[in-house]
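# Fold and geometry: a report
Single-letter residue listing:
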Amino acid sequence: MKTQYRGKKQHGRVMRWIAAVVIVVLFYLGIGAVAPFFGYESMESDYKFEVQRFYQDDPGVDRAMLMETNRSAWEERIRLFHQAKKRIILSTFDMREGESTKDLLAVLLQKADEGVFIQILVDGVSGMIRMEGKDLFYAISSHPNIEIKIYNPLNLLEPWKTQGRMHDKYVIVDNLAYILGGRNTMDYFIGDYETDGKSYDREVFVYNTKFQSPDAAESSLFEIEAYFHAMWEKEECRYFHEDNTLQEKDGVKQARQMLRQRYSEILASVPQLCQPFDYETVTVETNQIVLMHNPTGMYEKQPTVFYELTELMKQAKERVLIHTPYIVCNSWMYERLKEVKEAVGTVTMMINAVENGDNVMASSDYLWNKKNVVETGIQIYEYNGGISYHGKSMVVDDLAIVGSYNMDLRSTYVDTELMLAVQSRELSDQLVQNMRTLEHDSKKVLNADEYEVPEHLTVTKLPVWKQLLLRVIGIIMQPQPLRILV
């Protein structure tokens, strides 16, 4: 009997020690992750914003088009990859196994076999969680003409580095063209395959009309490429399994064989995407194109993209429209948005309705801070179309602005972000039309408690348990170091 009692007592001590170790580890990881973000970086007092660099009087060498659908994102990537003669660059926040990813990798493998040099840059969280241990990605990384790097590989032993994320998404092919926007490389955003979820997004395609002439370097493509190479060479970037001996692994051989078979199927199913193409026929004229980006280090950043966007908006004479999946701000950001409203007059912003979005943390924060958002004076629309909206874009008079930046603290102070400002009346008018189409399925916010709901719109009712959960999470996430990580 005493032996049994001692055994239970000893077991209890072991369990308490295990619990204590778990608590200490979680505390270490949690404090380490938020420690670099206890304050907000401010803009340097001598930072000069030059609005004139966004405009020029005459047409430039670039032409552009919007890519509104997941199907168009798939098609234009397949088509553009096929045009490559020398190099392909792909930078993405998230790359996951899936049907669309297999299609894209099949074409990339074929181009690598043809001698095209390919560089792929992926964020560290995706690299660790989505790519490690997957023969599909080893089949690509082990090819002698393909290099993959990971930005800030996830390392839980150094939790203070875990929040340094690369949120950029773009593709560059030769001197010919590039795609930039908010889509990650996965079925959720690219292609029309059946998946558990879909998301609407937006990208801009830019074609360099002088790609074969000495004037090619006048294109904005080279500004994007210079940014890529600066990122590629950063010490935070590490090669992803560059060992070519992986080619001999049975699973890798099978994955490569699958991709080559898949390429044959693509050739048979969409032969029109595998032919030379005249991009002049589908693009519109632009004057100036300018890249805006955040600092590229791992830790807290000065809010460069947000600052430049709000400065641009304050210069508007005619119209300011904003589309962002969600809005999470601090007091300085709210004040900046109030200044935009006061300078322009009418400003509209569309975000996901809580019932429609797929970011629980951001939705929870909005419920808690909705009054502050409304008090900026900006007319808010909550999209309730049934599919989560992921697009990040703005119209400022004749500027169509598209990229990866969310109107939140994380995109403002933590992540690398890109926004491309395209000066083109025709493109900006198209973007306004596309924005209005989505706003048609939105609730118009009248105040913190009331809406104007279109007659055709059926608003999804959240179950009580989810409403309570969102409220509780919103309260928990209010401390500044936690809000910045939403």
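Structure report, in brief. (Residues numbered from 1 in each chain as written. Predicted model: local features only at pLDDT ≥ 70, side-chain atom pairs only at ≥ 80, totals over all residues. Heavy atoms only, no water.)

Across its full length, the protein chain holds 14 helices and 20 strands. The C-alpha radius of gyration computed for the protein chain amounts to 24 Å, which stays within 12% of the reference 23 Å derived for 486 residues, consistent with globular compactness. Projected onto its principal axes, the C-alpha positions of the protein chain cover 90 × 65 × 50 Å. For the protein chain, the proportion of its 486 residues judged to be buried stands at 55%. In the protein chain, the share of contacts with a sequence separation of at least 24, taken over all contacts with a separation of at least 6, comes to 84%. Counting only carbon and sulfur atoms, one obtains 53% of the accessible surface of the protein chain, whose full area is about 21500 Å². For the protein chain, the centre of its 54 positive side-chain charges and the centre of its 69 negative side-chain charges are spaced 9 Å apart. (Helix = DSSP H or I, 4+ residues; strand = E, 2+ residues; numbered from the N terminus. Rg over C-alpha atoms; globule rule 2.2 N^0.38 Å. Buried < 20%, exposed > 50% of the residue type's maximum accessible area, 1.4 Å probe, protein only. Contact = heavy atoms within 4.5 Å. Areas by Shrake-Rupley, 256 points an atom, 1.4 Å probe, with all protein chains shown as cover. Lys, Arg positive; Asp, Glu negative; His and termini not counted. Charge placed at Lys NZ, Arg CZ, Asp CG, Glu CD.)

Both faces of strand β16 (residues 393-396) are covered, namely the face carrying Ser393 and Val395 and the face carrying Met394 and Val396. Where strand β12 (residues 320-323) lies against β16, four bridges are found, and the strand directions are antiparallel. In the sheet register, His323 faces β16, and the bridge partner there is Ser393. Following β16, the chain reverses through two residues before pairing antiparallel with strand β17 (residues 399-403); Asp397 in that reversal takes a positive phi of roughly 55 degrees. (Pairing = 2+ DSSP bridges.)

Within strand β6 (residues 177-181), five of the five residues are buried, which leaves it mostly tucked inside the rest of the structure. As judged from the four bridges shared by strand β5 (residues 170-173) and β6, these two strands associate in the antiparallel manner. Looking at β6, one finds that Val173 is bridged to Ala177. Between β5 and the antiparallel strand that follows it, β6, lie three residues; Asp174 among them carries a positive phi value of about 45 degrees. Where β6 and strand β8 (residues 203-208) come together, five bridges link them in antiparallel fashion. Its bridge partner lying in β8, Tyr178 is registered against Val206.

Within the fold, Asp174 resides in the loop between β5 and β6. Buried and unpaired, Asp174 has Arg87 as its nearest opposite-charge partner, separated by 4.5 Å. In terms of polar contacts, Asp174 uses its side chain to reach the backbone amide nitrogen of Lys86, at 2.9 Å. Each residue touching Asp174, except ones within four places of it in the same chain, is listed here: Gln83, Ala84, Lys85, Lys86, Arg87 and Leu221. (Salt bridge = Lys/Arg side-chain N within 4 Å of Asp/Glu carboxyl O. Polar contact = N/O pair within 3.5 Å; in protein donor to acceptor, adjacent residues only side chain to side chain.)

Take the environment of Glu300 next. The residue Glu300 is located in the loop between β11 (289-293) and α8 (304-314) in this model. For Glu300, a relative accessible area of 16% translates into the label buried. Not counting chain neighbours up to four residues away, the residues in contact with Glu300 comprise Pro36, Phe37, Gly39, Tyr40, Glu41, Tyr413 and Ile484. Engagement of the side chain of Glu300 in a polar contact is seen with the backbone nitrogen of Glu41, the distance being 3.0 Å.

What follows is about the packing of aromatic side chains. For the structure on display, the rule yields 16 aromatic pairs. Ring centres of Tyr170 and Phe228 lie 6.5 Å apart, and the angle between their planes is 85 degrees; on these two criteria the pair is classed as edge-to-face. Linking Tyr170 in strand β5 with Phe228 in helix α6 (residues 221-232), this pair joins segments that are 58 residues apart in sequence. Each member of the pair, Tyr170 as well as Phe228, is classed as buried. The interplanar angle of 85 degrees and the centroid separation of 5.0 Å between the aromatic rings of Tyr188 and Phe189 together place this pair among those described as edge-to-face. Here a set of aromatic residues connected by ring pairs shows up, and it is made of Tyr170, Tyr227, Phe228, Trp232 and Tyr239. Sitting over the face of the ring of Phe277, Arg79 holds its NZ or CZ atom 4.0 Å from the ring centroid. Over the face of the ring belonging to Tyr239 we find Lys149, whose NZ or CZ atom lies 4.8 Å from the ring centre. (Phe/Tyr/Trp six-rings, centres within 6.5 Å; stacked < 30°, edge-to-face > 60°. Lys NZ or Arg CZ within 6 Å of the ring centre and 35° of its normal.)

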